[in-house]
Amino acid sequence: MGEENSQTAAEESTEPPLCRPEEAREKEQTVLDVPNENVHNAWTNKHVKVSHTLEPETVAGLLDAHLQQGLTSTEAESRLREHGPNLLKEAKGVPVWEILLRQVSNSLTVVLLATMALSFAIRDWTEGGVITAVIVLNVVVGFLQDYRAEKNIASLMALSAPTATVVRDGRTMNIKAEDLVPGDVVKLSVGDIVPADLRLFDGINTTADEANLTGESLPVLKDPIAIFADADLPVADRSNMAFSQSTMTAGRGTGIVVCTGMDTEVGKIAGMLQQQDDTQDVEKKQNKAMQKMKSFVRGVKNILGLNGTPLSASLSKFALLLFALAILLAVIVFSANLWKFHGEVVIYGICVAVAVIPESLLAVLTITLAVGSKAMAKGNVLTRNIQALEAIGGVTHICSDKTGTLTQGRMIARQAWIPGTGVLSIHDSTKPFDPTNGYVKLDDEEIDRINHVPSPGMSLLMRTIALCNLSSVQRPQPSKSVENSDPEQEPFSQTQVDGAAPPEKSAQPTQNNEWTAIGEPTEIALHVLALRVNMGRADVLNDDMQHAAEFSFDSAGKRMTVVYRTPSGMEAFTKGAVEIILPLLACSDQEKLEIRSIADEMAGEGLRVLCAAHRSLPNGFNLSDRKRVEAILDLVGLVGLYDPPRLETADAVRRCQLAGISVHMLTGDHIRTATAIAHEVGILPSTVPLADHGKVIMSAEAFDKLSDDEIDAMDNMPLVIARCSPTTKVRVVEAIHRKQAFCVMTGDGVNDSPALKRADVGVAMGLNGSDVAKQAAAMVLTDDNFASIVKAVEEGRRLFDNIQKFLLHLLISNIAQVILLLVGLAFQDDGRKKINGKAEEKGRHSVFPLSPLEILWVNLITSSFLALGLGLEEAQPNIMFRPPHSLRIGVFTWELIIDKFIYGTFMGVLCLAAFTSVAYIPIGGNGAVGVGVNQTDGGNQTDGGNQTDGGNQTYGGNQTFGDLLGELLGGNYTVAGNHTVATRLGYGCNEEWNDTCDGVFRARSTTYATLTFLLLATAWEVKHFSRSLFNLDPRSEHGGLFSVFPTVWRNQFLFWAVIAGFVVVFPVIYLPFINKNVFKHSPIHEEWGVVLGCLIVYVLLVEIWKGIKRRFGIGSGKYRLLTREDAERRAGLEHVKQEGSKENAADEV
């Protein structure tokens, strides 16, 4: 009924100053000083912000409207054409084309598009087609994920105020809310959503829930007759106004529309979301050429993905670097071939360039994030942009609204002081509507709520708050399948209370096993308190009691009284604000001081204190005189109410602190209330040093007075800021950014939207959040639970770790291929080609150690599934014990960069060794020195004999490895007696198989198998950057070398990807036609020994490097295992054992 707005003297007054009559007349005269010919436009342009300072008649005059007759239909249509529909622009949602554009706005896609175009330009249809498939896969997966998220969020958004009751042509009618215009007279009743900004001029007990706009946790009582002197009065204090998208919770009212659409307070906040960065304000002062230039640069950055989340920006920069490196490598290839752009030279150059670009990275990243998004959706987090998944993992600060986010957004009675009886306190109550939830203590002694016999004082207090109450609390409806009900619930009434108000926002129907409530939040809380001792309204009413009178709550009296007639007389029950009831009590001044002191103490704990009183009246007492009825009252008690924290909030806040994340409360509530809740959920420590009190807890007024330099000079941002405005929240976010920190903003109201937009990741509430907030946020919580934020952070950290793992894996492969192909420039063929059965000189060409299709196969098939498996790795045990990773460094840490070059070098050198050992060193009886057959090419050839190829060339049959190596670097062969060439690599082997290509094709098969097997081993090695493959989980029950088996089996997708990669090697090498004609290699036999040897050497080298990292503390090797106790010491928290927690659980910092 509005009682919740009352406060004791312990809280500083927030009531705005009222105009004196002469001030009102003065202001009215000023307003009326407007030329008559353009009255309406004068209102729109000048006085829209000061309607709360004007008399309603003055407002109607300026709007050329009538308070009783309203507008005429003709005038309303004219104004609708002038002002447009009463809609917010933000309601449009995200268009499909924008979602699609997001998928290609990154440098990696641009680089792949360039590579695809080049491949098609040289008619390499296979490579071009594969890259096209990669791009399409990325776009389709990303688009579907984002589109589904937008659809899910759109389904959460209901149209606000679809209809309105207005007075037009002197008649009351219902119209679409979007057809409202300034000057319309609107009637409001309980349950209505205010359709526009109204200047109220009539009402009884008009109460509105403005939490979405102002952050106030309780409905606000309106005072239509008030006139304020301050034109810049905060929105929350304009009690003679009703604002768009607020909800009527009690009473009725009538007002005149002063603003519609984007001109409303909600619209102004929505408009803030559409503004560009502050840099654009500077651009407006510059010339148009500079504006166009900066706009062009900004557009290019957006297309290249440089203006995105830390990961997307880092990957875009990395893609541009790779693109530049690819061009450089192509230049090296062309230079080595003296810029002769023959077909094979161009293909080889492109092959080297493609090798440096991880084609599968984009697809793997997109699929990994999509899988992460699906996992988050199961955890009640909808992601509008999958790129935000990795961003939330690096959060260093969470700026959270209080009402409905940290708290339940419902009232609960926490404490009651009963004269002559003691202090009644409620503990562990997490369900505001459930009187059986939690337990009750009387002076620190728990009472049996079923068998307890209340004292006369307690009985009178409970009767007062139950009878002076219009709410209804209903017990769960028993299921038919349940035979035995809970005997503890039997004493509670199942009867709905008479006179219950219509449902309010927080009292929504729930499942059968949940208590439900109907009415105003404060009255619900009082009714539940009475039910805790079996004294609900239905319990205390009997046939002998008759309702005699009721004095409703009003803005002037701030109290409510009901009178019941009994056989022995009449009883008056009153409740209201302490400062209002106190003068009406029949007690001494000293007793009143004691009562005020107790109320101040309760208010200091963040409670909203109500006073309950009683009076016995004789039969025949005149009930028409309210003042006489409410005089000489007897105090029956004080009740302290508060909005309780969510059950999971305290644990979620603690987990954030253990993870090195600072949680800040930014709320529109009173500073005492905010401080009390912050202490309860753990945002504030149990004790705050007096010297730090003003720095840790601040009002928005004090914070706004600080300059940016003064804020930047603070060691830490305030943990609690009360009475926040949208501007204050935005300043907090920007200050955190200036400190090079990463900010997540959570909230549900319209007032949170600008900060949600400015924050690195905005998280809105899906159930009770406003549409504007959902549009501004990157993520939406479907359960409005702060604990879901922590789950999202944990998932984000897991994704960040896994992205590093598959990035390392893919880049190792690319570096190895680049080394292999660059050194491969020295592998040149015989330079001849058969034409009409004769070998003719065609110029020497570099031989591919790997064919282009082998490279694509390794990059897109083998590596892709391995990388995807790494992306699905489970989180490190207790990943929330370590501090956030550095966002300035991002995923490309020095450890990752060093490891990729070291492992890539290992892999590249071993692949070179595999190729050269087969191509130049005899293996078994089928070496490359002689092809093992008799061959005549215009002459005779024998192994170890003489050969004539249209000229004279001889080489000895007895050669050593040193001779072969010398021949590789330039032997003494002669062709037609003119120059020396090496003939070990045949000729034309890049294009197709011929009789001279046996050694090259077998060398390629060996190199391909070696590269594949090394990548398979790398997939398991990079599961951790410093732990040995044979000791990845130090806590495993299986010690020693055998611990590798349960560890690799834990990620079954990766396990089967490795198995599949191993199996697929054999058909690729041995299938006829496929091997020689497609992959340009041939079957191998004894060469498997080379592959196995390279694999063993590679694993040994990697393990040696990891051992060096652990021994000398390089990268992650310097971190020891971190226990929960270590994390608590780092966070400055005392260790508290929690049920179910693993005391020995450990993870790395």
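Residues numbered from 1 in each chain as written. Predicted model: local features only at pLDDT ≥ 70, side-chain atom pairs only at ≥ 80, totals over all residues. Heavy atoms only, no water.

By the naming in an unreviewed UniProt entry, the protein goes by P-type Na(+) transporter and is assigned to Mytilinidion resinicola. Entered under Sequence similarities (unreviewed entry) in the UniProt record, the comment concerning the protein runs "Belongs to the cation transport ATPase (P-type) (TC 3.A.3) family. Type IID subfamily." (UniProt positions renumbered as here; feature names shortened; annotations may be inferred.)

**Student:** Which residues make up the packing of aromatic side chains, and what values do they have?
**Tutor:** What the rule picks out here adds up to 13 aromatic pairs. With centroids separated by 5.5 Å and ring planes inclined at 90°, the aromatic side chains of Trp857 and Phe1079 adopt a geometry described as edge-to-face. Of this pair, Trp857 sits in helix 32 (residues 852–871) while Phe1079 is found in the loop between helix 38 (1074–1078) and helix 39 (1088–1112), placing the two residues 222 residues apart along the sequence. Judged by relative accessible area, Trp857 falls into the partly exposed class, the value being 24%. When the ring of Trp1049 is compared with that of Trp1056, the centres are 6.2 Å apart and the planes differ by 75°; the resulting orientation is edge-to-face. We classify Trp1049 as partly exposed; its relative accessible area is 39%. By relative accessible area, which is 47% here, Trp1056 ends up partly exposed. These aromatic residues form a ring-pair network of at least three members: Phe1013, Phe1062, Phe1066 and Trp1088. Just above the ring of Trp993 sits the side chain of Lys1076; from NZ or CZ to the centre is 3.9 Å. The ring of Phe1112 carries the charged tip of Arg1111 above its face, separated from the ring centre by 5.3 Å. (Phe/Tyr/Trp six-rings, centres within 6.5 Å; stacked < 30°, edge-to-face > 60°. Helix = DSSP H or I, 4+ residues; strand = E, 2+ residues; numbered from the N terminus. Buried < 20%, exposed > 50% of the residue type's maximum accessible area, 1.4 Å probe, protein only. Lys NZ or Arg CZ within 6 Å of the ring centre and 35° of its normal.)

**Student:** If you had to explain the nonpolar core to someone new, which residues and values would you point to?
**Tutor:** The biggest cluster of nonpolar side chains holds 144 residues, and the ones touching the most others in it are Leu638, Ile683, Val761, Met779, Phe806 and Met907. Considering each element in turn, this core owes the most residues, 19 residues, to helix 31 (residues 786–823). Non-local contacts of Val761, meaning those with residues more than four positions away in its chain, are made with Ala388, Ala391, Ile392, Phe742, Cys743, Val744, Met745, Ala778 and Met779. Membership of the second largest hydrophobic core comes to 37 residues, among which are Leu526, Ala530, Tyr564 and Val636. (Core = buried A, V, L, I, M, F, W, Y, C linked by side-chain atoms within 4.5 Å. Contact = heavy atoms within 4.5 Å.)

**Student:** I'd like a rundown of the pattern of salt bridges, residues and numbers included.
**Tutor:** Enumeration according to the criterion identifies 26 salt bridges in this entry. Note that Asp401 is salt-bridged to Lys729, the shortest N-O span being 3.8 Å. Of this pair, Asp401 sits in the loop between strand 9 (397–400) and helix 16 (402–406) while Lys729 sits in helix 28 (residues 726–738); the two residues are 328 residues apart in sequence, bridging distant segments of the chain. Lys729 shares its class with Asp401; the two are buried. The salt bridge involving Arg738 is made with Asp712; its shortest N-O contact spans 2.9 Å. Residue Arg738 is located in helix 28, and its partner Asp712 is located in helix 27 (residues 708–712); the two are separated by 26 residues in the primary sequence. (Salt bridge = Lys/Arg side-chain N within 4 Å of Asp/Glu carboxyl O.)

**Student:** Tell me what's going on with the confidence of the model for the protein, and back it up with residues and numbers.
**Tutor:** On average, the protein scores 76 in pLDDT, and the residues at 70 or more come to 72%. In this model, residues 479–511 is a region of pLDDT below 50 whose contacts with residues beyond four sequence positions or in other chains number 61 contacts. The model gives residues 1135–1149 a pLDDT under 50, and that stretch makes 45 contacts with residues more than four places away or in other chains. (pLDDT = per-residue confidence, 0-100.)

**Student:** Run through the packing of helix 35 (residues 998–1021) against helix 39, naming residues and quoting values.
**Tutor:** At a minimum axis distance of 9 Å, the contact between helix 35 and helix 39 shows a crossing angle of 30°. As far as their axial angle goes, helix 39 and helix 35 are roughly parallel. The chirality of how helix 35 crosses helix 39 is right-handed. For the pair helix 35 and helix 39, contact is made by Thr1006, Ala1009, Thr1010, Phe1013, Leu1014, Ala1017, Thr1018 and Glu1021 and by Trp1088, Val1090, Val1091, Cys1094, Leu1095, Tyr1098, Val1099, Val1102, Glu1103 and Lys1106, respectively. (Axes fitted to C-alpha atoms, helices over the stretch in contact; angles between N-to-C directions. Parallel < 35°, antiparallel > 145°, perpendicular 65-115°, else oblique. Left-handed = near helix turned anticlockwise from the far one by under 90°.)

**Student:** Can you break down the sheet that holds strand 23 (residues 720–722) residue by residue, with the values?
**Tutor:** One open sheet holds the eight strands; their spatial order is 8-26-25-24-9-21-23-22, and the pairing between them is mixed. In this open sheet, the two strands that pair with only one neighbour each are strand 8 (381–383) and strand 22 (697–699). Geometrically, the sheet is characterised by an average inter-axis angle of 20° between neighbouring strands, direction not taken into account. Pairing between strand 8 and strand 26 (residues 779–781): three bridges, direction antiparallel. Bridge assignment links Val381 to a residue of strand 26, and that residue is Leu781. (Pairing = 2+ DSSP bridges.)

**Student:** Can you break down the UniProt feature "transmembrane region" (unreviewed entry) in the protein residue by residue, with the values?
**Tutor:** What UniProt calls "transmembrane region" (unreviewed entry) maps, in this numbering, to residues 318–339, 345–371, 806–827, 1053–1073 and 1088–1108. End C-alpha to end C-alpha, residues 806–827 measures 32 Å, and it is 82% helix and 0% strand. Helix makes up 100% of residues 1088–1108 and strand makes up 0%, while its end C-alpha atoms are separated by 30 Å.

**Student:** So what about the sheet that holds strand 12 (residues 439–442)? Which residues, and what values?
**Tutor:** One open sheet holds the nine strands; their spatial order is 13-12-11-10-20-19-18-17-16, and the pairing between them is antiparallel. In this open sheet, the two strands that pair with only one neighbour each are strand 13 (445–446) and strand 16 (546–551). Pairing between strand 18 (residues 569–577) and strand 19 (residues 608–617): eight bridges, direction antiparallel. Its bridge partner lying in strand 19, Lys575 is registered against Ala612. Docked against the sheet, helix 21 (residues 589–604) engages strand 10 (412–418), strand 19 and strand 20 (634–642), running at close to 10° with respect to strand 20.

**Student:** Provide a residue-level description of unusual backbone geometry, including the pertinent values.
**Tutor:** It is generally the case that most residues other than glycine have a negative phi and that most peptide bonds are trans. Of note, Asp64 is a non-glycine position whose phi angle comes to about 55°, a positive value. For Asn534, which is not a glycine, the phi torsion comes out positive at approximately 60°. Positionally, Asn534 belongs in the loop between helix 18 (521–532) and helix 19 (537–540). The buried category is assigned to Asn534, whose relative accessible area is 18%.

**Student:** With reference to specific residues and values, describe the environment of Asn212.
**Tutor:** Tracing the backbone shows Asn212 in helix 8 (residues 211–214). Residue classification places Asn212 among the buried positions, given a relative accessible area of 15%. Put simply, Asn212 and Ala773 are 561 residues apart on the chain and 9.2 Å apart in space, counted from C-alpha to C-alpha.

**Student:** Quick rundown of the pairing of strand 7 (residues 247–259)? Include the residues and the values.
**Tutor:** For strand 7, a buried count of 11 out of 13 residues is recorded, marking the element as mostly surrounded by other parts of the structure. For strand 3 (residues 185–188) and strand 7, the ladder comprises four bridges, and the chain directions are antiparallel. When the bridges of strand 7 are listed, Leu188 appears paired with Gly253. Relative to strand 7, strand 4 (residues 197–209) runs antiparallel, the two sharing 10 bridges. Bridge pairing in strand 7 places Asp197 opposite Cys259.

**Student:** So what about the state of the cysteines? Which residues, and what values?
**Tutor:** Tallied over the entire structure, the rule returns one disulfide. Disulfide partner of Cys989: Cys997, at an S-S distance of 2.0 Å. Taking the torsion about the sulfur-sulfur bond, which here is approximately -100°, the covalent link between Cys989 and Cys997 counts as left-handed. The class for Cys989 is buried, based on a relative accessible area of 2%. (Disulfide = S-S within 2.5 Å.)

**Student:** Explain the packing of helix 32 against helix 37 (residues 1052–1070) to me, and be specific about the residues and the numbers.
**Tutor:** Any two packed helices are characterised by the angle at which their axes cross and by the distance between the axes. Running from amino to carboxyl end, helix 32 crosses helix 37 at an angle of 165°, the nearest separation of the two axes being 7 Å. When the axes of helix 32 and helix 37 are compared, the pair comes out roughly antiparallel. Of the two possible hands of crossing, helix 32 and helix 37 adopt the one that is left-handed. Where helix 32 approaches helix 37, its residues Trp857, Phe865, Leu866, Leu868, Gly869 and Leu870 are matched on the opposing element by Phe1053, Leu1054, Ala1057, Val1058, Val1064 and Val1068. Its residues placed into classes, the contact of helix 32 with helix 37 shows 11 nonpolar, one polar and no charged. (Nonpolar A, V, L, I, M, F, W, Y, C, P; charged D, E, K, R; others polar.)

**Student:** So what about helix 21? Which residues, and what values?
**Tutor:** Helix length check: helix 21, at 16 residues, gives a terminal C-alpha distance of 22 Å against a target of 22 Å (1.5 Å per residue), a fit within 8%. Among the residues making up helix 21, those that are buried are Lys592, Ile595, Ala599, Met602 and Ala603. Looking down the long axis of helix 21, one finds its buried residues gathered within 100° of arc, a one-sided arrangement. Looking at helix 21, the residues exposed on the side facing more than 90 degrees away from the buried face are Leu593 and Glu601. Directly after helix 21, the chain includes Gly606, whose backbone phi takes a positive value near 85°. (Expected span 1.5 Å × (residues − 1). Arc of directions from axis to C-beta.)

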